[in-house]
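Close look at the chain arrangement
Chain by chain, the residues run as shown.
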Amino acid sequence: MPSLSDHFEFDSICEVPDSHAWPSLHDYPSADPLGPDSVPIIDLRGSCSDTMKFIKHACERWGVFMVTGHGVPGDILNQLESETCRLFSLPTKQKLKAARPPDGVSGYGLARISSFFSKLMWYEGFTISGSPLDHARKLWPHDYSKFCETIEGYNKEMKKLAERVMNLVLLSLGLNEDDLGWAGPVGDLLKVSGVLQLNSYPACPDPDRAMGLAAHTDSGFLTILHQTNTSGLQILRAQDQHGPARWVTVPPVPGALVINVGDLSHILSNGRFQSVLHRAVVNRIHHRYSMAYICGPPAHTKVSPLRTFSGRPVYRAVTWAEYLGLKGKLFNQALASIRVTDETWEDHNNASVITCV
Ligand SMILES: C=C1C[C@]23C[C@@]1(O)CC[C@H]2[C@@]12CCC[C@@](C)(C(=O)O1)[C@H]2[C@@H]3C(=O)O
Ligand SMILES: O=C(O)CCC(=O)C(=O)O
Ligand SMILES: [Fe+2]
């Protein structure tokens with residue numbers, strides 16, 4: 001299993017070493033970037049009913065969309081970008097002082113999904129769950145407050161935006177305003193909590209052989225991603241007519257944020273909304289950064305297919321904490337592992353364990 005000791009200073013490398021050389025980056029063809037199929041862009045300043053309709057369409061057909069008019073001030077995005085760059089520019093020795101412990105969530109390290117692959121990724125990450133203070137103190141013993149203030153300010157904006165978009169997602173799934181009242185039965189689905197993931201992809205001498213972040217889905221309800229102006233994010237898009245799936249680039253659009261559907265929204269929508277498989281590729285010239293706010297319900301709230309759907313629930317209820325455990329063990333098979341089959345449906349039904357909210 002790869003570990004941090006296999007890691008090196010990317011800046012000093014002129015050739016992709018065998019440890020980082022991926023055999024097949026071209027498992028699916030890439031879509032023509034100038035083709036007609038491009039990721040939807042939704043302006044959140046539109047009327048609520050239009051916005052809801054566009055979000056529903058994007059979640060069903062794409063699993064990803066971009067938002068403009070989101071209200072997150074540009075200087076908050078710029079500050080996060082510059083603090084992220086400051087963090088990853090520290091010497092490796094310093095960054096390792098804030099290494100993510102083997103059983104922990106927060107800290108600096110390899111891609112968490114590295115253990116499922118034999119090759120390493122052209123990547124470094126820093127995860128922040130809760131207060132950034134302890135880790136920031138280790139990184140900059142005398143100069144940590146700017147980083148902490150930036151992260152706290154950004155998280156506050158993200159939480160606000162995530163709750164707003166989640167509200168629209170739930171309405172688009174057929175819940176009504178009364179259902180969504182804070183004291184209402186599904187109110188917990190709107191009390192989102194989030195984890196901030198800072199991603200760094202150094203420039204790479206041979207981008208066709210290296211992988212930035214391997215294909216995965218995110219586990220939460222939604223991920224709100226801010227990317228710098230170097231492209232790299234790709235989503236796997238099934239073709240309408242039986243052709244092969246294609247990697248579609250989600251280009252950086254100044255001021256827009258990318259929102260992708262995570263596994264918990266896939267469950268909530270009983271499979272109508274697609275948690276989208278995505279990856280990040282690297283660039284020969286530019287160092288790329290991205291910052292992902294992965295939001296979900298409070299760790300112990302049960303998520304199950306909403307009762308607005310007729311027919312049987314396709315997934316059993318899980319908490320985010322339980323689902324993250326499954327994801328850590330089964331990676332891209334986690335969703336399939338909680339599918340209700342004919343047999344388990346009988347068992348669950350007899351025991352009345354399925355709780356559609
Ligand atoms: C809450 C979480 C979601 C995440 C695993 C984590 O515990 C913290 C990091 C998250 C992240 C970010 C990069 C992609 C991803 C698949 C990963 O390896 O770590 C996600 C995880 C996820 O959504 O499952
Ligand atoms: O860097 C990117 O564009 C993707 C990052 C990502 O998928 C993640 O943080 O979950
Ligand atoms: Fe992701």
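What you are looking at is a predicted structure, and each value in this text was computed from that prediction instead of being measured.

Attention now goes to the coordination of the iron ion (ligand 3). Around the iron ion (ligand 3), the donor atoms from the protein are His216 (NE2), Asp218 (OD) and His278 (NE2), and they sit 2.1 to 2.3 Å away. Read from N- to C-terminus, the donor residues coordinating the iron ion (ligand 3) fall into the pattern H-x1-D-x59-H. You can see His216 sitting in strand 6 (residues 213–216) and its partner His278 sitting in strand 11 (residues 278–280), a full 62 residues away along the chain. For the pair formed by His216 and His278, the shared burial category is buried.

Counted according to the given criterion, the structure contains 8 aromatic pairs. Between Phe88 and Tyr289 the ring centres are 6.2 Å apart and the planes differ by 20°, which places this aromatic pair in the stacked class. In this pair, Phe88 sits in helix 2 (residues 74–88) while Tyr289 sits in strand 12 (residues 288–296), placing the two residues 201 residues apart along the sequence. Considered together, Phe88 and Tyr289 belong to a single accessibility category, that of buried residues. Ring centres of Phe116 and Phe331 lie 4.8 Å apart, and the angle between their planes is 15°; on these two criteria the pair is classed as stacked. With Phe116 in the loop between strand 3 (107–109) and strand 4 (124–128) and Phe331 in the loop between helix 7 (320–330) and helix 8 (334–337), this pair connects stretches of sequence that are 215 residues apart. For Phe331, a relative accessible area of 9% puts it in the buried group. Sitting over the face of the ring of Trp62, Arg237 holds its NZ or CZ atom 3.5 Å from the ring centroid. Taking NZ or CZ as reference, Arg279 lies 4.1 Å from the ring centre of Trp247, over its face.

Let us look at the packing of helix 2 against helix 5 (residues 145–172). In a packed pair of helices, the relevant descriptors are the angle between the two axes and the axis-to-axis distance. Interaxial distance between helix 2 and helix 5 falls to 10 Å at its minimum, and their mutual angle equals 135°. Compared by their axis directions, helix 2 and helix 5 come out oblique. Between helix 2 and helix 5 the crossing geometry is left-handed. Facing helix 2, whose interface residues are Ile76, Leu77, Gln79, Leu80, Glu83, Arg86 and Leu87, helix 5 presents Lys146, Phe147, Thr150, Ile151, Tyr154 and Glu157.

Taken together, 13 residues form the shell around ligand 2, and within it Asn199, Tyr201, His278, Arg288 and Ser290 come nearest. Here an oxygen atom of ligand 2 sits 2.6 Å away from a polar atom, N or O, in the side chain of Tyr201. Separating an oxygen atom of ligand 2 from a side-chain N or O atom of Ser290 is a distance of 2.6 Å. Protein burial of ligand 2: of its 300 Å² of free accessible surface, 96% is covered by the chains. Of all the elements in the fold, those that place two or more residues in the shell around ligand 2 are strand 5 (193–201), strand 6, strand 11 and strand 12. Across the shell around ligand 2, the residue classes break down as 6 nonpolar, 5 polar and 2 charged.

Attention now goes to helix 1 (residues 48–61). Every α-helical turn comprises 3.6 residues, leaving residues that sit three or four positions apart pointing alike. Along its 14 residues, helix 1 runs 20 Å from first to last C-alpha, staying within 8% of the 20 Å computed at 1.5 Å per residue. Considered for burial, the residues of helix 1 that qualify are Thr51, Ile55, Ala58 and Cys59. Each buried residue of helix 1 sits inside an arc of 95° when the element is viewed along its axis, so together they form one side. The inward-facing, buried residues of helix 1 abut strand 1 (41–43), strand 2 (64–68), helix 5 and strand 10 (257–261). Just downstream of helix 1 lies Gly63, where phi reads positive at about 75°.

Quick look at the sheet that holds strand 10 now. The mixed open sheet is built from 8 strands, whose spatial order is 1-2-10-7-12-5-4-3. Pairing within the sheet leaves two strands with one partner each, and these edge strands are strand 1 and strand 3. Each strand axis lies, on average, 25° off the axis of its neighbour in the sheet, ignoring direction. As defined by bridge partners, strand 4 adjoins strand 5 across 5 bridges and the pair is classed as antiparallel. Each bridged residue has a counterpart across the sheet, and for Gly125 the counterpart in strand 5 is Asn199. Each of strand 3, strand 4, strand 5, strand 7 (222–227), strand 10 and strand 12 touches helix 2; the most contacted strand, strand 5, lies at about 60° to it.

Attention now moves to the pairing of strand 7. Counting buried positions along strand 7 gives 6 out of 6 residues, so the element sits mostly inside the fold. On strand 7, burial covers both faces: Leu222, Ile224 and His226 on one face and Thr223, Leu225 and Gln227 on the other are all buried. When strand 7 meets strand 10, the two strands line up antiparallel, connected through 4 bridges. Residue Leu225 lies in a different strand from strand 10, and its bridge partner there is Val258.

Now for the pairing of strand 8 (residues 233–237). Among the 5 residues in strand 8, 5 count as buried, and that is most of the element. Residue alternation in strand 8 divides its side chains into two sets, Leu233, Ile235 and Arg237 and Gln234 and Leu236, and both sets are buried. Pairing of strand 8 with strand 9 (residues 246–249), which is carried by 4 bridges, proceeds in the antiparallel orientation. The residue of strand 9 that forms the bridge with Arg237 is Arg246.

Moving on, we get to the site of ligand 1. Residues in close proximity to ligand 1 include Arg112, Ile113, Thr127, Val195, Gln197, His216, Asp218, Ser219, Ile294, Leu324 and Lys327, which together make up its full environment. Between ligand 1 and Ser219, the relevant distance is 2.4 Å, taken from an oxygen atom to a side-chain nitrogen or oxygen of the residue. If ligand 1 stood free it would expose 460 Å²; the protein chains cover 93% of that surface.

Reading guide: rules and limits
Residues numbered from 1 in each chain as written. Chains lettered and ligands numbered in written order. Predicted model: local features only at pLDDT ≥ 70, side-chain atom pairs only at ≥ 80, totals over all residues. Heavy atoms only, no water. Donors = N, O, S within 2.8 Å, 3.2 Å for Na, K, Ca; no water. Helix = DSSP H or I, 4+ residues; strand = E, 2+ residues; numbered from the N terminus. Buried < 20%, exposed > 50% of the residue type's maximum accessible area, 1.4 Å probe, protein only. Phe/Tyr/Trp six-rings, centres within 6.5 Å; stacked < 30°, edge-to-face > 60°. Lys NZ or Arg CZ within 6 Å of the ring centre and 35° of its normal. Axes fitted to C-alpha atoms, helices over the stretch in contact; angles between N-to-C directions. Parallel < 35°, antiparallel > 145°, perpendicular 65-115°, else oblique. Left-handed = near helix turned anticlockwise from the far one by under 90°. Contact = heavy atoms within 4.5 Å. Near = heavy atom within 4 Å. Polar contact = N/O pair within 3.5 Å; in protein donor to acceptor, adjacent residues only side chain to side chain. Areas by Shrake-Rupley, 256 points an atom, 1.4 Å probe, with all protein chains shown as cover. Nonpolar A, V, L, I, M, F, W, Y, C, P; charged D, E, K, R; others polar. Expected span 1.5 Å × (residues − 1). Arc of directions from axis to C-beta. Pairing = 2+ DSSP bridges.

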